[in-house]
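Structural overview for review
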Amino acid sequence: MINIAEILKDCPKGTKLYSPICGECRLVKIYDGLGFDVINDTDDVFNFSYDGRYNLNGECCIFPSKENKDWKYCIKFIIITICKIPNSILLNNINIIIC
């Protein structure tokens, strides 16, 4: 099984996902590789196990998008942006999932 929590661990809060259980949703919190929470458009919170199961006896029910339901082809990229501030440079790490 794929550890989805590991894939998502460095992604920013608000990363968009999809589940047939809650529809379009956003990442809220990761629990140290043990699982994660998402929130849907009506502010309902759903907890998934590390491998994307909503019920421990079920199967993966969370996906990168409604159109793409295969985590095997998702690649996590880290993009570094440089912002110039007078007399200093600020680096921002932005994690993006590309599927």
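Residues numbered from 1 in each chain as written. Predicted model: local features only at pLDDT ≥ 70, side-chain atom pairs only at ≥ 80, totals over all residues. Heavy atoms only, no water.

**Examining the confidence of the model for the chain**
In the predicted model, the chain carries a mean pLDDT of 80, and 72% of its residues have values of at least 70. Element-level mean pLDDT values for the chain span from 48 in strand E5 (residues 75-85) up to 97 in strand E4 (residues 45-49). (pLDDT = per-residue confidence, 0-100. Helix = DSSP H or I, 4+ residues; strand = E, 2+ residues; numbered from the N terminus.)

**Points about unusual backbone geometry**
Positive phi, normally seen in glycine, also occurs at Asp 43, with a value near 65 degrees. Take Asp 43: it is sitting in the loop between strand E3 (35-40) and E4.

**As for the environment of Ile 2**
Tracing the sequence through the fold places Ile 2 in the segment before helix H1 (4-8). By relative accessible area, which is 34% here, Ile 2 ends up partly exposed. Distance in space between the C-alpha atoms of Ile 2 and Asp 51 is 5.9 Å, their sequence separation being 49 residues. Those residues in contact with Ile 2, other than ones at most four positions away along the chain, are Ile 7, Tyr 50, Asp 51, Trp 71 and Lys 72. (Buried < 20%, exposed > 50% of the residue type's maximum accessible area, 1.4 Å probe, protein only. Contact = heavy atoms within 4.5 Å.)

**What about the packing of aromatic side chains?**
Tallied over the entire structure, the rule returns 3 aromatic pairs. A ring pair is formed by Phe 36 and Phe 48, whose centres lie 5.8 Å apart and whose planes are at 20 degrees; its orientation type is stacked. Here the residue Phe 36 occupies a position in strand E3, and Phe 48 occupies one in strand E4, the gap between them amounting to 12 residues. With respect to burial, Phe 36 and Phe 48 carry one shared label: buried. Plain terms: the ring middles of Phe 46 and Tyr 54 are 6.0 Å apart, the flat faces sit at 55 degrees to each other, and that makes the pair tilted. What makes Phe 46 buried here is its relative accessible area of 13%. Chaining the aromatic ring pairs together yields one cluster made of Phe 36, Phe 46, Phe 48 and Tyr 54. (Phe/Tyr/Trp six-rings, centres within 6.5 Å; stacked < 30°, edge-to-face > 60°.)

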